[in-house]
Amino acid sequence: HDLMGIHPYNALEDPYSLYPHSLRNIDELCASIVRSHRETSQYRVEELPALRWKVFGREEIQAYQSKSVDEMWQHCAIRLTDAVQYVVEFAKHIPGFRMLSQNDQIALLKTGSMEVVLVRMSRFFNTENSTVFFDGKFAGTEVFKSLACSDLITAVFDFAHGMCALKLTEQQIALFSALVLINADRPCLEDRGRVQRVQRNVELGLTHILQRDNQESLMQKLYQRMAVLRSLCSLHMEKLRWFSQRYPLTAHSLFPPLYKELFA
Ligand code: CLR
């Protein structure tokens with residue numbers, strides 16, 4: 001249902017102190033984002049620790065490493081697109097997102113969906129052995145060797161370590177993911193003002209949750225993480241351009257359409 005009616009508490013517009021009323025709306029906004037995160041998160045957090053013993057063995061790693069560059073890229077592009085599809089579903093249920101023009105929705109997804117995938121990666125990351133859940137088992141950086149972009153892979157794994165160190169709750173991850181997506185500073189927005197209003201509500205929601213959890217100091221760290229995310233995604237785009245130049249046919253005809261639409 002539509003929660004666009006909520007707006008940040010504004011004392012000037014509220015001479016009768018409707019604070020409890022507006023607080024309830026923030027609660028609703030948070031609940032709705034958390035629900036949407038849960039319903040689109042592929043695996044529930046509780047299921048993941050039980051899968052940690054599944055780690056790729058020597059021969060399996062070798063099989064990945066002996067794939068050709070374009071074969072491995074295609075394989076990862078498919079996995080990535082799968083994850084992006086869930087993020088698109090998540091975005092659609094952020095209160096206010098569907099009220100944006102189609103152009104602005106696409107503009108936000110183009111820049112934000114990969115970033116949210118990387119935020120979500122921390123849920124699928126085992127810091128004890130630096131592995132990520134990929135293709136049904138936990139994989140270290142060596143599994144991605146044949147992509148020939150070890151700098152990107154190293155940076156992505158470092159980012160996952162950093163995110164895990166923050167020990168965010170599922171609710172915090174949900175609100176942070178929404179904030180990463182709804183960003184009025186993204187390029188090519190038609191109605192920046194409208195995006196800004198949605199962004200303010202999500203910001204309010206995140207602040208509210210952090211206050212409730214007594215972790216207000218996390219806010220600043222999360223904004224730092226957002227800067228790192230931006231640099232990671234421009235590195236991803238740079239690698240994709242490099243790949244498409246070397247393997248135009250694979251990039252053109254074998255990559256998933258959604259991957260091309262969002263990133264190419
Ligand atoms: C992120 C969280 C999702 C599930 C998921 C699916 C695919 C994974 C992704 C996670 C993390 C990043 C990942 C990706 C497949 C390939 C990609 C491991 C766990 C690595 C970083 C390679 C990127 C290669 C591109 C340059 C093509 O809910």
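Above: the structure in question.
For the structure given in this document, a descriptive report is provided here. Quick caveat: nothing in here was measured; it's all calculated off a predicted structure. (Residues numbered from 1 in each chain as written. Predicted model: local features only at pLDDT ≥ 70, side-chain atom pairs only at ≥ 80, totals over all residues. Heavy atoms only, no water.)

From N to C terminus, the protein chain includes ten helices and three strands. Put simply, the protein chain runs from its N terminus to its C terminus through helices and strands in the order α-α-α-α-β-β-β-α-α-α-α-α-α. On C-alpha atoms alone, the protein chain measures out to a radius of gyration of 20 Å, which is about the 18 Å that the 2.2 N^0.38 rule sets for 264 residues. Its C-alpha atoms put the protein chain at 70 × 40 × 30 Å along the principal axes. Buried positions account for 48% of the 264 residues belonging to the protein chain. Within the protein chain, contacts between residues at least 6 apart in sequence are counted, and of these 78% link residues at least 24 apart. The averaged location of the 30 negative side-chain charges in the protein chain is 3 Å from the averaged location of its 30 positive side-chain charges. (Helix = DSSP H or I, 4+ residues; strand = E, 2+ residues; numbered from the N terminus. Rg over C-alpha atoms; globule rule 2.2 N^0.38 Å. Buried < 20%, exposed > 50% of the residue type's maximum accessible area, 1.4 Å probe, protein only. Contact = heavy atoms within 4.5 Å. Lys, Arg positive; Asp, Glu negative; His and termini not counted. Charge placed at Lys NZ, Arg CZ, Asp CG, Glu CD.)

Attention now moves to the site of the ligand. Around the ligand, a shell composed of 19 residues is seen, among which Gln-42, Trp-73, Leu-80, Phe-124 and Phe-133 lie nearest. Contributions of two or more residues to the shell around the ligand are made by α3 (69-92), α4 (102-121), β2 (131-134) and α5 (150-165). Residue contributions to the shell around the ligand peak at five residues, all from α3. Residues of the shell around the ligand, tallied by class, amount to 15 nonpolar, two polar and two charged. (Near = heavy atom within 4 Å. Nonpolar A, V, L, I, M, F, W, Y, C, P; charged D, E, K, R; others polar.)

Right, let's talk about the sheet that holds strand β3 (residues 137-139) for a bit. By way of backbone hydrogen bonds, the strands of a sheet pair with one another, either parallel or antiparallel. Strand order in the open sheet formed by three strands is β1-β2-β3, and the pairing between neighbours is antiparallel. Either end of the sheet is taken by a strand with one partner, and the two such strands are β1 (125-126) and β3. Of the strand pairs in this sheet, β1 and β2 are connected by two bridges, and their pairing is antiparallel. Counted as the bridge partner of Phe-125 is Val-132 from β2. (Pairing = 2+ DSSP bridges.)

A few words on the nonpolar core. In globular proteins that are soluble, nonpolar side chains generally tend to be buried together. Core analysis: the biggest nonpolar cluster contains 87 residues, and Phe-134 and Phe-144 have the highest contact counts within it. Here the element with the most residues in this core is α3; it accounts for eleven residues. Not counting residues up to four positions away in its chain, the partners in contact with Phe-144 are Met-72, Cys-76, Val-132, Phe-134, Ala-139, Ile-153 and Phe-157. (Core = buried A, V, L, I, M, F, W, Y, C linked by side-chain atoms within 4.5 Å.)

For the rest of this paragraph, the subject is the packing of α3 against α4. The contact between α3 and α4 brings their axes to 9 Å, and the two run at 105°. Considered as vectors, α3 and α4 are oriented roughly perpendicular to each other. For the pair α3 and α4, contact is made by Leu-80, Ala-83, Val-84, Tyr-86, Val-87, Val-88, Phe-90 and Ala-91 and by Leu-109, Ser-113, Met-114, Val-116, Val-117 and Arg-120, respectively. Tallied by class, residues from the contact of α3 with α4 come to twelve nonpolar, one polar and one charged. (Axes fitted to C-alpha atoms, helices over the stretch in contact; angles between N-to-C directions. Parallel < 35°, antiparallel > 145°, perpendicular 65-115°, else oblique.)

The geometry of two aromatic rings is summed up by the distance between their centres and the angle between their planes. Applying the stated criterion to the full structure yields 14 aromatic pairs. Residues Phe-56 and Tyr-64 carry aromatic rings whose centres are separated by 5.3 Å and whose planes lie at 70° to one another, so their mutual orientation is edge-to-face. Each member of the pair, Phe-56 together with Tyr-64, is buried. In this structure an aromatic cluster arises from ring pairing among Phe-56, Tyr-64, Phe-125, Phe-134, Phe-144 and Phe-157. (Phe/Tyr/Trp six-rings, centres within 6.5 Å; stacked < 30°, edge-to-face > 60°.)

Moving on: the side chain of Asn-183. Its place among the elements puts Asn-183 in the loop between α6 (170-181) and α7 (192-212). According to the relative accessible area criterion, Asn-183 is buried, its value standing at 7%. Not counting the four nearest positions on each side in its chain, Asn-183 is found in contact with Leu-108, Leu-189, Val-195, Gln-199 and Arg-230.

Now for unusual backbone geometry. Even without being glycine, Gln-42 reaches a positive phi, approximately 65°. Along the chain, Gln-42 turns up in the loop between α1 (19-39) and α2 (58-65). Gln-42 gets classed as partly exposed once you look at its relative accessible area, which sits at 39%. The backbone of Ala-148 shows a phi angle near 60°, a positive value even though the residue is not glycine. By the secondary structure assignment, Ala-148 is in the loop between β3 and α5.

Attention shifts here to the pairing of β2. By the alternation rule, side chains of β2 split into Thr-131 and Phe-133 and Val-132 and Phe-134, which are all buried. Taking the residues that link successive antiparallel strands as the turn, the β1-β2 hairpin has four residues, and the phi of Ser-130 there is positive, at about 50°. Pairing geometry for β2 and β3, over three bridges, is antiparallel. The residue bridging Phe-134 from the neighbouring strand is Lys-137, located in β3. If you look at the hairpin formed by β2 and β3, you'll find two residues sitting between the two strands, and Asp-135 has a positive phi there, around 60°.

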